[in-house]
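Spelled out from the first residue to the last, the chains are:
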Amino acid sequence: MGKVELLQMGPYPDWDQNPLDEAFVMHRYFEAADKAAFLAEVGPRVRGIATRGELGANATVIAACPNLEVISVYGVGFDAVDLSACRPRGIRVTNTPDVLTKDVADLGVAMMLAQSRGIIGAETWVRDGSWASKGLYPLKRRVWGRRVGVLGLGRIGYEVARRLAGFDMDIAYSDVAPRDYAADWTFVADPVALAERSDFLFVTLAASADTRHIVGRKVIEALGPEGMLINISRASNIDEEALLAALESGALGSAALDVFEGEPKLNPRFLALDNVMLQPHHASGTVETRKAMGKLMRDNLTAHFAGQPLLTPVL
Ligand code: 8YV
């Protein structure tokens, strides 16, 4: 029997690509100039899709693969996979939870510290000679001891809060219900009320249709001119128009963002702002974590085609 054929939605590092190429026939969708023609040609032979969190698999791609059995996501977020197209056909979906949690939390905390203390501007201050010519760097805002809200106390939100406890912060969180593992932290059901009591608001929710724009104008304005919004989840959790307007007017103090609508092409209005820190969706981007994510993604595919139970199924 020949190798199983997979559709590959985006690139992987060699340490994943090489074993994938050895075990399967990989059809590189992302390299195809004419995507529709490519799908029409290889779709009927495809039994699995290997994708990435931000790329997922939409209804058109899924429909073009009538023999599709499994979609394996390299990422914890599976919001870009059209689950409603998978369910009726019994297509299984897997993701890579846990292995990336702590790196994502680390980057969120690093962004908060860097933005609040002006670390990137301070680096420029040294390099461009401003220190010598203009003198002392402008004073920035303290992090430790201040009030923080965590919107979504799942795996990543929990690790963020745990880290912030080390900075003696006053920690509150919103979620669908109080969590028994968060006894030291204050539960605030309403995101607007959470933002109102916060100097820093972390968005750590798994994105879905239900959470779309959960951070809208009211939450942003409640956070206020001294507040900072940190997003390490998905752009869809925030009303980006409302965010841009608030950053431009000063209704929101600042933001630190790892994710954007339409990324990697972000709204150019972000580039004109000096009160926002922009990161290229790399919260899970360490060698250690990406190796673990790749292995888990591949192990799920191998398990499926060997008739073994999936390691980390979401559907
Ligand atoms: C990855 C992610 O950057 O886990 C997720 O959901 O978005 C990130 O970890 C991405 O999936 C890698 O392509």
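Criteria and thresholds
- Residues numbered from 1 in each chain as written.
- Predicted model: local features only at pLDDT ≥ 70, side-chain atom pairs only at ≥ 80, totals over all residues.
- Heavy atoms only, no water.
- Helix = DSSP H or I, 4+ residues; strand = E, 2+ residues; numbered from the N terminus.
- Contact = heavy atoms within 4.5 Å.
- Near = heavy atom within 4 Å.
- Polar contact = N/O pair within 3.5 Å; in protein donor to acceptor, adjacent residues only side chain to side chain.
- Areas by Shrake-Rupley, 256 points an atom, 1.4 Å probe, with all protein chains shown as cover.
- Nonpolar A, V, L, I, M, F, W, Y, C, P; charged D, E, K, R; others polar.
- Domains from an automatic or database assignment.
- Buried area = accessible area lost by both parts, 1.4 Å probe.
- Salt bridge = Lys/Arg side-chain N within 4 Å of Asp/Glu carboxyl O.
- Buried < 20%, exposed > 50% of the residue type's maximum accessible area, 1.4 Å probe, protein only.
- Pairing = 2+ DSSP bridges.

Visitor: Sorry, what's going on with the environment of Leu55 here?
Guide: Positionally, Leu55 belongs in the loop between strand E3 (48-52) and helix H3 (59-63). Spatially, the C-alpha atoms of Leu55 and Arg163 are 30 Å apart, while their sequence positions differ by 108 residues. Not counting residues within four places of it along the chain, the set of residues in contact with Leu55 comprises Met9, Gly10 and Ala80.

Visitor: Hey, could you run me through the site of the ligand in this one?
Guide: Around the ligand, the surrounding shell holds 13 residues, and the nearest of these are Glu54, Tyr74, Val76, His281 and Ser284. At 2.7 Å, a backbone N or O of Val76 approaches an oxygen atom of the ligand. For the ligand, the protein covers 95% of the area, taking 330 Å² as the surface of the free molecule. For the shell around the ligand, the residue count by class is four nonpolar, five polar and four charged.

Visitor: Honestly, the domain arrangement of the protein chain in this entry has me stumped. Any pointers?
Guide: One widely used convention gives an interface's size as the accessible area the parts lose upon coming together. Taken domain by domain, the protein chain holds domain 1 (5-99 + 288-305) and domain 2 (101-278). Computed from C-alpha coordinates alone, the two centres of domain 1 and domain 2 are separated by 31 Å. Summed over both sides, the interface between domain 1 and domain 2 buries roughly 610 Å², with carbon and sulfur atoms accounting for 38% of that surface. Interface area lost by domain 1 to domain 2 is led by Asp79, Asp98 and Thr289, which between them contribute 59%. The tally of links from domain 1 across to domain 2 stands at two salt bridges. Between Arg155 and Asp98 there is a salt bridge; the shortest N-O distance is 2.8 Å.

Visitor: Just checking my understanding: could you explain the pairing of strand E4 (residues 70-74) for this structure?
Guide: In summary, the side chains of a regular strand alternate between the two faces of the sheet. Counted residue by residue, E4 has five buried out of five residues, so it is predominantly covered. Here E4 shows no split at all, with Val70, Ser72 and Tyr74 on one side and Ile71 and Val73 on the other all buried. Bridge count between E3 and E4: five bridges; the pairing is parallel. Bridge pairing in E4 links Gly48 to Val70. Pairing of E4 with strand E5 (residues 92-94) involves three bridges; the strand directions are parallel.

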